[in-house]
Amino acid sequence: MRAIALLPDKLISQIAAGEVVERPASVLKELMENALDAGATAIDVKLEAGGVKRMRVADDGHGIAREQLSLALLRHATSKIVSLDELEQVASLGFRGEALASIASVARLTLTSRALGATEACAIGGGESEARPAALGAGTVVDVEDLFGNVPARRKFLKSEQTEYAHCAEVFRRIALSRPDLGFTLAHNGRVSMHFKPESAVTRVGNVLGAEFADGARRVEANAGPLAVQGLAGNPAAAKLSREAQYFFVNGRYVRDKVLQHAVRAAYADVLHGDRHPAYALFLDMPPQGVDVNVHPAKIEVRFRDSQSVHQYVMRAVAAALAGSAAETPVPDAAPALTPADLRRPDGNDGEGGWRAPVFTPMQQGGLGLAQAPAAYYSFAASAAAAMPSGAAQYAAEAAAAYAPAARELPASDMPLGQALAQLHGIYILAQNHAGLVLVDMHAAHERILYEAFKTDLDTRAIATQPLLIPVTFAAEAIEVAAAEEHAEALQSLGFEIVPLSGASLAVRAVPALLTDADAKLLARDVLRELSEFGSGEVMKRHRDELLSTMACHAAVRANRRLTVPEMDALLRQMEETERSGQCNHGRPTWYQFAMSDLDRLFMRGR
Ligand code: ADP
Ligand code: MG
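Residues numbered from 1 in each chain as written. Chains lettered and ligands numbered in written order. Predicted model: local features only at pLDDT ≥ 70, side-chain atom pairs only at ≥ 80, totals over all residues. Heavy atoms only, no water.

Time to look at the overall build of the protein chain. The number of helices and strands found in the protein chain is 22 helices and 22 strands. Relative to its full complement of 607 residues, the protein chain shows a buried share of 50%. Of all intrachain contacts in the protein chain linking residues separated by at least 6 positions in sequence, the fraction that spans at least 24 positions is 70%. Summed over its atoms, the accessible surface of the protein chain is roughly 27900 Å², and 55% of this surface lies on carbon and sulfur atoms. (Helix = DSSP H or I, 4+ residues; strand = E, 2+ residues; numbered from the N terminus. Buried < 20%, exposed > 50% of the residue type's maximum accessible area, 1.4 Å probe, protein only. Contact = heavy atoms within 4.5 Å. Areas by Shrake-Rupley, 256 points an atom, 1.4 Å probe, with all protein chains shown as cover.)

Written out as structure tokens, the structure is:
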């Protein structure tokens, strides 16, 4: 038996490096973020052999003082926070103080810097503990050579030069998007591949995502107290886009967040045709206290204090932009919300004689002073009811009664959601049960059903797969091809077979059996994006449910699809059988009950 011994510091760093430094792209992200934190106005990146052989990031920021250089390479040494309180409001991109130390433990790192006002530059690296004088006009240069050269076990996980470069280029694009006010240059193997001058946000988005995207895109601009969303949302009607770009930044930080993604998708739901995905570059600014960025070492995920409000807010801002009225329709910062409770129980508040509009209790305000999520979905009901004078309501009721289809037999009580009557505007199903009227959001409900089915499938065995008669081939980004290669096994367990045909095209040969109706290409792209973002290990553990929810969303019936009454009935029956079918995967309700007494009250019957 061996004695217990403390690990040497270098080994601790190498182990910790596993969290931060996975591949050249993760090194690049850390180095570029350090340059941003240092207040750089221009960042110059040079890569060799996909960044594995060499990566050099130069900035013109405030630099590091000579006596601090060696500290910068120590683990948990940072100039960015000093207390836990500060972590709560962290505004800089870095804060863990472990990036440089981690990188230095798995590569040859040289740090050269000239602090603002210093008379000369100094360099440290290659195991020296003392800084030595060096030549540099201003700012900082970090030179990283031979990544994982001393850790063969990790080096062998690196992919081809082109794949590693593709990942680096993506990191570079995200950071360039996040700071249009700065200049950026990227060169690979001696050739400049991207160069951006300081420019307006809209110009930058166009330069990064292509003119094709920028030309038809709508401006998103909303401001409500502490929250602001701006950016460009792709034209839903645009023909093919060269890139399926979805970029979201929270306080300048690129994030992948399901709440935000879903909010945008919801805003597009009515205007986007088929299974197409919107392209967008959006920037959400909010008080740092409202968002926790300390969820994951790679910091690509965040957690919102009040995710419902954020969802609501973003959805409205994007929807307003898509409706072409961003300027005239400021996103309200507090709208009356009709709660499910209001709908299910009469409030017992209507006095004698005379019309009383249902009482809409504003839901408890979130910490950010925003309306809660259901407001958007139900405020239409509120305004419609409030706007109707009593005479008109009476008349409307009579007119409706005259044209109402013959009442169908009352459903048996073992069908809690009742029988379908009709479809409203391609979005809602109207059904009748013993209590009254049931209103179902058909897409949300279907999505939930599929999601639960996937979960059960994956829990018990691999998801059933269905080979495609004719494989779907498509031109793919390098990063997508890379993901298909890297994550073949995870794809298989999810029911996919996606194989590279070349460095720039993929073939989908099989999809999950439940998803045969979905657009195979869009579905494949979504799943690949998820896998390349988080890696298959993470995806299958922590992001599994999110991935399944994305898949479910692909297959769920879209708004505007006509359903027959038997189809609608089938959906209601499936809902009854599905656990948690009362909410969609994103926590929105999937159905509401309007009791007869609610309706009677609306029409002043029985008074
Ligand atoms: P963190 O960014 O989390 O503080 P790092 O290991 O990335 O940790 O960097 C350690 C410290 O080195 C930073 O806090 C900062 O003071 C300094 N530093 C790193 N890169 C730069 C740079 N490009 N310009 C100025 N200072 C830097
Ligand atoms: Mg850092």
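Core analysis: the largest hydrophobic core is formed by 62 residues, its most contacted members being L31, I43, V45, L111, V144, F184 and L209. Looking at this core element by element, the count peaks at eight residues for helix α7 (residues 161–178). Beyond its immediate stretch of four places on either side in the chain, L31 contacts M55, V57, L100, I103, V142 and V144. (Core = buried A, V, L, I, M, F, W, Y, C linked by side-chain atoms within 4.5 Å.)

With that out of the way, let us pick up the site of ligand 1. Around ligand 1 sit 20 residues, and of these N34, T78, S79, K80 and G97 come closest. With respect to ligand 1, the backbone of A99 contributes an N or O atom lying 3.2 Å from an oxygen atom. T140 places a polar side-chain atom, nitrogen or oxygen, 3.3 Å from a nitrogen atom of ligand 1. Bound to the protein, ligand 1 loses 94% of the 540 Å² it would expose on its own. Looking at the shell around ligand 1, the elements with two or more residues in it are α2 (24–37) and α5 (99–106). (Near = heavy atom within 4 Å. Polar contact = N/O pair within 3.5 Å; in protein donor to acceptor, adjacent residues only side chain to side chain.)

With that out of the way, let us pick up the sheet that holds strand β21 (residues 505–512). On the basis of which strands lie adjacent, the open sheet formed by three strands has the order β19-β21-β20 and antiparallel pairing. The open sheet is flanked by β19 (465–475) and β20 (497–502), the only strands paired with a single partner. Put simply, the sheet's adjacent strands are angled 15° from each other on average, direction ignored. When β19 meets β21, the two strands line up antiparallel, connected through seven bridges. Across the sheet, the residue bridging to P467 is A510, located in β21. (Pairing = 2+ DSSP bridges. Axes fitted to C-alpha atoms, helices over the stretch in contact; angles between N-to-C directions.)

Attention shifts here to unusual backbone geometry. At D146, a position not held by glycine, the phi torsion is positive, near 55°. Within the fold, D146 resides in the loop between β6 (139–145) and α6 (152–155). One non-glycine residue with positive phi stands out, namely N251, at about 50°. Considering the arrangement of structural elements, one finds N251 in the loop between β11 (246–250) and β12 (253–255).

This part covers the packing of α7 against helix α16 (residues 478–486). Relative to each other, α7 and α16 sit at 125°, their axes nearing to 9 Å. Relative to α16, the element α7 is oriented oblique. Every pair of crossing elements has a handedness; the one defined by α7 and α16 is left-handed. Along its contact with α7, which presents T163, A166, H167 and E170, the element α16 presents A478, I479, A482 and E486. Looking at the contact of α7 with α16 residue by residue, the class counts come to four nonpolar, two polar and two charged. (Parallel < 35°, antiparallel > 145°, perpendicular 65-115°, else oblique. Left-handed = near helix turned anticlockwise from the far one by under 90°. Nonpolar A, V, L, I, M, F, W, Y, C, P; charged D, E, K, R; others polar.)

Now for the pattern of salt bridges. Per the stated rule, a full pass over the model turns up 26 salt bridges. Across the pair R573 and E576 runs a salt bridge whose closest N-O atoms are separated by 2.8 Å. Residue R573 and its partner E576 are both found in helix α21 (residues 565–577); the two are separated by three residues, about one turn of the helix. According to the relative accessible area criterion, E576 is partly exposed, its value standing at 27%. Linked by salt bridges that have partners in common, R108, E145, D146 and R155 make up one network. (Salt bridge = Lys/Arg side-chain N within 4 Å of Asp/Glu carboxyl O.)

So, on to α2. Taking 1.5 Å of rise per residue, 14 residues should cover 20 Å, and α2 covers 20 Å from first to last C-alpha, within 8% of that figure. Counting buried residues in α2 gives 12 out of 14 residues, a clear majority hidden from the surface. For α2, the complete set of buried residues consists of P24, A25, S26, V27, L28, K29, E30, L31, M32, E33, A35 and L36. (Expected span 1.5 Å × (residues − 1).)

We now examine the sheet that holds strand β16 (residues 419–424). Strands sit in the order β16-β17-β18-β22 across an open sheet of four strands; the sheet is antiparallel. Only two strands of the sheet have a single partner each, and these edge strands are β16 and β22 (591–595). Geometrically, the sheet is characterised by an average inter-axis angle of 25° between neighbouring strands, direction not taken into account. Two elements, strand β18 (residues 436–441) and β22, share five bridges in a ladder whose sense is antiparallel. Bridging across to β22, V438 finds its partner in Q593. Relative to β18, helix α15 (residues 442–460) is tilted by about 70°, and along the sheet it contacts β16, β17 (428–433) and β18. Relative to β16, α21 is tilted by about 115°, and along the sheet it contacts β16, β17, β18 and β22.

Our focus in this paragraph is helix α8 (residues 201–209). Turning to α8, its buried residues are R204, V205, G206, V208 and L209. Positive phi appears at G210, one or two residues downstream of α8, with a value of about 100°.

Moving on to the confidence of the model for the protein chain. Chain-level statistics for the protein chain give a pLDDT mean of 77 and a share of 75% at 70 or above. Scored below 50 in pLDDT, residues 239–243 shows 14 contacts in the model against residues more than four places distant or in partner chains. In this model residues 325–412 is a low-confidence stretch, pLDDT under 50, and it forms 136 contacts with partners more than four residues away in sequence or in other chains. (pLDDT = per-residue confidence, 0-100.)

Relative to the assigned elements, I124 resides in strand β4 (residues 121–125). Each C-alpha atom, one on I124 and one on L111, is 5.4 Å from the other, the two residues being 13 residues apart in sequence. Among residues more than four places away in sequence, those in contact with I124 are L69, S70, L73, L109, T110, L111, S129, E130 and A131.

Along the chain, R23 turns up in the loop between α1 (9–20) and α2. Residue classification places R23 among the buried residues on the basis of a relative accessible area of 9%. Here the side chain of R23 touches E486 through a polar contact of 3.2 Å, side chain to side chain. Setting aside chain neighbours within four positions, we find R23 in contact with L147, F148, L158, K159, T163, E164, H167 and E486.

The next subject is the packing of aromatic side chains. Applying the stated criterion across every chain yields a total of six aromatic pairs. Ring centres of F172 and F184 lie 6.0 Å apart, and the angle between their planes is 85°; this geometry places the pair in the edge-to-face category. Here F184 lies in strand β7 (residues 183–188) and F172 lies in helix α7, a separation of 12 residues in the sequence. Feature note: the residues Y247, F249, Y254 and F283 constitute an aromatic cluster, connected by ring pairs. (Phe/Tyr/Trp six-rings, centres within 6.5 Å; stacked < 30°, edge-to-face > 60°.)

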